[in-house]
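Letter by letter, the chains look like this.
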Amino acid sequence: IATEGNERAGHVLRALARQELGKNREALADLDKAIGRGTWVDVHRSGAVSGIVTKRGEEELFELLTRGAGVQVRLLLAAKRSAEARTALRSAQEAFGARPILRAAGAAIALSEGDAAGAWAAEREAIAGAPRSNFVLQVADLLLESAIAAFGPDDLAAVRAQGPASLRFNAAIALARADRPA
């Protein structure tokens, strides 16, 4: 990864650390610096390309930036800035496509807007695409805590088929607390 990619990756990593420390405003500022920029690769007059130089480096950076974008959406929602969260998600989807972490971020937005069924639908897709992603699992746990009433048979089937043991366990506990069969 070239200098530009390293700088962006550094901002995302610092943002993730700040988010873990509860420094959400600082984390958002770092994520804005990393994700808010327009281009990923520069083409110079000579035709030379600089920026992300290898396919593997590109994929690693995109994964890191996608994770940062998901965290950015969650932080904006926590700050009660729903419109900005939706805009950030749309921008990330345009830049990175419909990756599982972004589907999970969409689930968090749907939940914040009171659409529990829509949240579970998006989260099912996220679990199918990245059943071991910490971000996807965090959103699933959030949904299990907040939207268990909308947790239907399709959601349970997705968790059983693709979710790791920790998610299956959390789903069983949430269903038991809601006095529903697992």
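The numbering scheme is per chain: residues are counted from 1 as the chain's sequence reads. Per-residue local features are limited, in this predicted model, to residues with pLDDT of at least 70; the limit for side-chain atom pairs, both in listing and counting, is 80 or more; totals at the level of whole chains, interfaces and linings are taken over all residues. Only hydrogens and water are set aside; all other atoms, that is, all heavy atoms of the structure, feed into the side-chain values.

Student: Before we move on, could you go through the overall build of the protein and cite the residues and values that matter?
Tutor: In DSSP terms, a helix is any run of H or I states spanning at least four residues, a strand is any run of E spanning at least two, and both are numbered starting from the N terminus. If you tally the helices and strands in the protein, you get 9 helices and 2 strands. Helices and strands in the protein line up, N terminus first, as α-α-β-β-α-α-α-α-α-α-α. Looking at the protein as a whole, 42% of its 182 residues are labelled buried. Residues count as neighbours in contact if any of their non-hydrogen atoms are within 4.5 Å of one another. Here the analysis covers contacts within the protein between residues at least 6 apart in sequence; of these, 62% occur between residues at least 24 apart. Each residue's exposure class comes from its accessible area (1.4 Å probe, protein chains only) as a fraction of the maximum for that residue type: buried when under 20%, exposed when over 50%, partly exposed otherwise.

Student: How would you explain the confidence of the model for the protein if you had to name every residue and give the values?
Tutor: The pLDDT value tells you how sure the predictor is about a given residue, anywhere from 0 up to 100. Scored by pLDDT, the protein has a mean of 84; 85% of the residues are at 70 or more. Mean pLDDT in the protein bottoms out at strand 1 (residues 42–43), which sits at 50, and peaks at helix 5 (residues 100–112), which reaches 96.

Student: Residues and numbers for the side chain of T66, please.
Tutor: Following the sequence through the fold, T66 ends up in helix 3 (residues 55–78). A relative accessible area of 1% means that T66 is categorised as buried. Apart from residues lying up to four places away in sequence, T66 is in contact with F96, R99, I101 and L102.

Student: Summarise the pattern of salt bridges; cite the residues concerned and give the values.
Tutor: Pairing is possible between side chains that carry opposite charge, provided their charged atoms lie close to one another. Note on definitions: salt bridges are taken to be side-chain nitrogens of Lys or Arg within 4 Å of carboxyl oxygens of Asp or Glu. Following the criterion strictly, the structure yields 7 salt bridges and no others. Here D30 ties to R18 by a salt bridge, and the two come within 2.8 Å at their closest N and O atoms. One end of the pair, D30, is in helix 2 (residues 24–35); the other, R18, is in helix 1 (residues 3–20), with 12 residues separating them in the sequence. D30 sits in the buried class, given a relative accessible area of 1%. Its relative accessible area of 25% is what places R18 among the partly exposed residues. Among the salt bridges present, the one from R86 reaches E113, with a minimum N-O distance of 2.7 Å. Pair noted here: R86 is in helix 4 (residues 82–96) and E113 is in the loop between helix 5 and helix 6 (116–129), with a separation of 27 residues, a long-range link. We classify E113 as partly exposed; its relative accessible area is 46%.

Student: Go over helix 2, please, and point to the residues and values.
Tutor: A helix is expected to span 1.5 Å for every residue after the first. Under the 1.5 Å per step criterion, the end-to-end length of helix 2 is 16 Å for 12 residues, consistent within 8% with the ideal 16 Å. Taken together, the buried positions of helix 2 are occupied by A27, L28, D30, L31, A34 and I35. Along the axis of helix 2, the buried residues cluster in a sector spanning 165°; they form a single face. Note: the arc covers the axis-to-C-beta directions of the helix.

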